[in-house]
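Architecture and fold: a report
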Amino acid sequence: MKRIHLVKFSAGMAAIIFVSVLWQPPFPAGAVTTEPASMPTTATAPTTAPVIPMVHWYGQHKSAAQRARKDNTLLLVVYMESSSPACQAFERLSLKRASVKRFLASFSAVKLDITTADGRKRFAGTGATETPLTRVFTPKGELLDSIPGCIIPASALLRRLEYSLDYWAASGAKPFTSSAQWKAIQSRLKLSTRVKTVRAIDKLLKVPVRKLPAGATPGRLILARGKALIFKKPAQAEKDLKKALKLGSGDPEAEGEALLELAYLSEKGEHYKAAHDYCRRYIKSFPAGPSVGRAYYTKAVLEFQALDDEAGARATLEQFIRDYPNDPKAVSAKHLLKIMDPAAPVPTPATGAKK
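Thoughts on the packing of helix α9 (residues 234-247) against helix α10 (residues 252-268)
It is at 8 Å that the axes of α9 and α10 come closest, and there the two elements cross at 150°. Taken as axis vectors, α9 and α10 run roughly antiparallel relative to one another. Two packed elements cross with a definite hand, and for α9 against α10 that hand is left-handed. Contacts between α9 and α10 pair P234, A237, E238, L241, K242, A244 and L245 from the former with A254, E255, A258, L259, E261, L262 and L265 from the latter. For the contact of α9 with α10, a count of residues per class yields 10 nonpolar, no polar and four charged.

So, the confidence of the model for the protein chain
Looking at the protein chain, pLDDT values average 88 and 86% of them are 70 or higher. Segment residues 1-39 is flagged for pLDDT under 50; beyond a separation of four residues in sequence, or across chains, it makes 21 contacts in the model.

Re the packing of α10 against helix α12 (residues 292-306)
As a packed pair, α10 and α12 sit with axes 11 Å apart at the nearest point and diverge in direction by 25°. One element, α10, and the other, α12, form an angle in the roughly parallel class. Between α10 and α12 lies a crossing whose hand is left-handed. The segment α10 lies against α12, with E257, L260, E261, Y264 and E267 engaging R294, A295, T298 and L302. Looking at the contact of α10 with α12, its residues break down into four nonpolar, one polar and four charged.

Let's talk about helix α13 (residues 310-323)
With 14 residues, α13 extends 20 Å from end C-alpha to end C-alpha; this agrees with the ideal 20 Å at 1.5 Å per step. G312, A313, T316, L317, F320 and I321 are the residues of α13 that are buried. Looking straight down α13, one finds that the buried residues subtend no more than 165° of arc, so they occupy a single side. Where the residues of α13 are buried, they touch α12 and α14 (330-340).

Focus on the pairing of strand β2 (residues 75-80)
When you tally the buried positions in β2, you get six out of six residues, the bulk of the element. What you see with β2 is no split at all: L75, V77 and Y79 on one side and L76, V78 and M80 on the other are buried throughout. Sheet analysis places β2 next to strand β4 (residues 133-137), joined by five bridges and oriented antiparallel. Across the sheet, residue Y79 finds its bridge partner in β4, namely L133.

Observations regarding the packing of aromatic side chains
With the rule as written, the count across this model stands at seven aromatic pairs. Seen in terms of ring centroids, F231 and Y264 are 6.1 Å apart; in terms of plane orientation they differ by 85°. Their pairing is edge-to-face. On the criterion of sequence distance, the pair formed by F231 in the loop between α8 (218-229) and α9 and Y264 in helix α10 is long-range, its members being 33 residues apart. Judged by relative accessible area, which is 31%, Y264 ranks as partly exposed. When the ring of Y296 is compared with that of Y324, the centres are 5.6 Å apart and the planes differ by 50°; the resulting orientation is tilted. Placement of Y296 in helix α12 and of Y324 in the loop between α13 and α14 is noted, with a sequence separation of 28 residues between them. Three or more aromatic residues link up through ring pairs in this structure, and these residues are Y296, F320 and Y324. The side chain of K111 reaches across the aromatic face of W57, ending 4.7 Å from its centre.

Regarding the sheet that holds strand β3 (residues 108-113)
Spatially, the five strands line up as an open sheet ordered β1-β3-β2-β4-β5, and their pairing is mixed. Each edge of the open sheet carries a strand with a single partner, namely β1 (57-58) and β5 (143-148). Where β2 and β3 come together, six bridges link them in parallel fashion. Bridging from a neighbouring strand, L76 pairs with A109 of β3. The sheet contacts of helix α1 (residues 61-71) involve β1, β2 and β3, and relative to β3 the element is tilted by about 165°. Against the sheet, helix α4 (residues 117-124) contacts β2, β3 and β4, and its axis sits at roughly 100° relative to β3.

Some details on the nonpolar core
Membership of the largest hydrophobic core comes to 51 residues, with the highest contact counts inside it found for W182, I185, L241, Y282, L317 and L336. Per-element accounting of this core gives the leading share, eight residues, to α12. Residues within four places of W182 in sequence aside, it is in contact with L204, P213, A214, G215, A216, R220, L221 and A224. Core analysis: the second largest hydrophobic core is formed by 26 residues, V55, V78, V136 and A170 among them.

Observations regarding the pairing of β3
Sheet analysis places β1 next to β3, joined by two bridges and oriented parallel. Bridging across to β3, Y58 finds its partner in V110.

Some words on the side chain of S291
Looking at where S291 falls in the secondary structure, it is placed in the loop between α11 (272-285) and α12. In this structure, S291 is in contact with E257, L260 and Y282, ignoring residues within four places of it in sequence.

Quick notes on the side chain of T73
Along the chain, T73 falls in the loop between α1 and β2. Residues in contact with T73, not counting those within four places in the same chain, are R67, A68, S106, F107, S108 and P139.

Structural notes on the pattern of salt bridges
In this structure the tally under the stated criterion is 16 salt bridges. A salt bridge links R294 to E261, with the nearest nitrogen and oxygen atoms 3.5 Å apart. With R294 in helix α12 and E261 in helix α10, this residue pair connects regions lying 33 residues apart in the sequence. Residue classification places E261 among the buried residues on the basis of a relative accessible area of 11%.

About the cut-offs
Residues numbered from 1 in each chain as written. Predicted model: local features only at pLDDT ≥ 70, side-chain atom pairs only at ≥ 80, totals over all residues. Heavy atoms only, no water. Axes fitted to C-alpha atoms, helices over the stretch in contact; angles between N-to-C directions. Helix = DSSP H or I, 4+ residues; strand = E, 2+ residues; numbered from the N terminus. Parallel < 35°, antiparallel > 145°, perpendicular 65-115°, else oblique. Left-handed = near helix turned anticlockwise from the far one by under 90°. Contact = heavy atoms within 4.5 Å. Nonpolar A, V, L, I, M, F, W, Y, C, P; charged D, E, K, R; others polar. pLDDT = per-residue confidence, 0-100. Expected span 1.5 Å × (residues − 1). Buried < 20%, exposed > 50% of the residue type's maximum accessible area, 1.4 Å probe, protein only. Arc of directions from axis to C-beta. Pairing = 2+ DSSP bridges. Phe/Tyr/Trp six-rings, centres within 6.5 Å; stacked < 30°, edge-to-face > 60°. Lys NZ or Arg CZ within 6 Å of the ring centre and 35° of its normal. Core = buried A, V, L, I, M, F, W, Y, C linked by side-chain atoms within 4.5 Å. Salt bridge = Lys/Arg side-chain N within 4 Å of Asp/Glu carboxyl O.

Take a look at the structure:
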């Protein structure tokens, strides 16, 4: 089976001072004036550029954790190894970017070298085997997210860390109403600790339908439960996702997303034809759905890598690019087409192509 490895900004401030000089007509000949021959220079106070907060990297876990508790801020722990090329790339291409340094100013951040005693011991406790590893904790030390690998570009790192901030803000809402709880659930489903949302989801499932928060339909709640269990209990997740198909019939955010999560589970279990069929069903049922790009692209990858149907993969990609040229996944689709056939022209977007 062929395998393709696809690798998957804040504005500055400026001050402009406009100085206008009023034009005066010249004095008539012989006129007497008391104005001095030259106007005295007026001293102006120098302008001071605003100080933009930047991340402070602690060298010890204890110091960073103490600051997180004191300031009630999230704790960021990055495990590194100076001799690792992946760590060097992560440092250069993400952590040293100005946008990242500004963003991380709101965290209590520490870098731990796993060759030191403290770093080695703590890294062993994560269960990971490779660096870099990025982890986010609450001020009290509860793990929110664990992100393995060299996360580049910097925008990808920022996007992932924003998920932790979103959850932290949602979970601290007062009063913590059912609507706030639903928002917190949706935020945590994007984190590696998503399984911890199951109890809250089950609590909402006991609420009468008419009293559920806006957007929390039974189908979407069951879908959320399936997503929460997909890595820890895939068999139960599959049952929940299939139930979401029925409860959320016609809803792209329930039935549609359930189809794509089932495609993921099927592909992971090497049931490639079933995964392909789930993607095909999404495209047919939800051509204007928010995840149609994901459906097309996954379908094409399955055709090319698993089903030995290169012609079918090319046709899927070309149709997707013609009909959805502005979809974020179109970039990846074009890249895959170039890998398959470097000499082939990129398809022309169709008239009235979907955005």
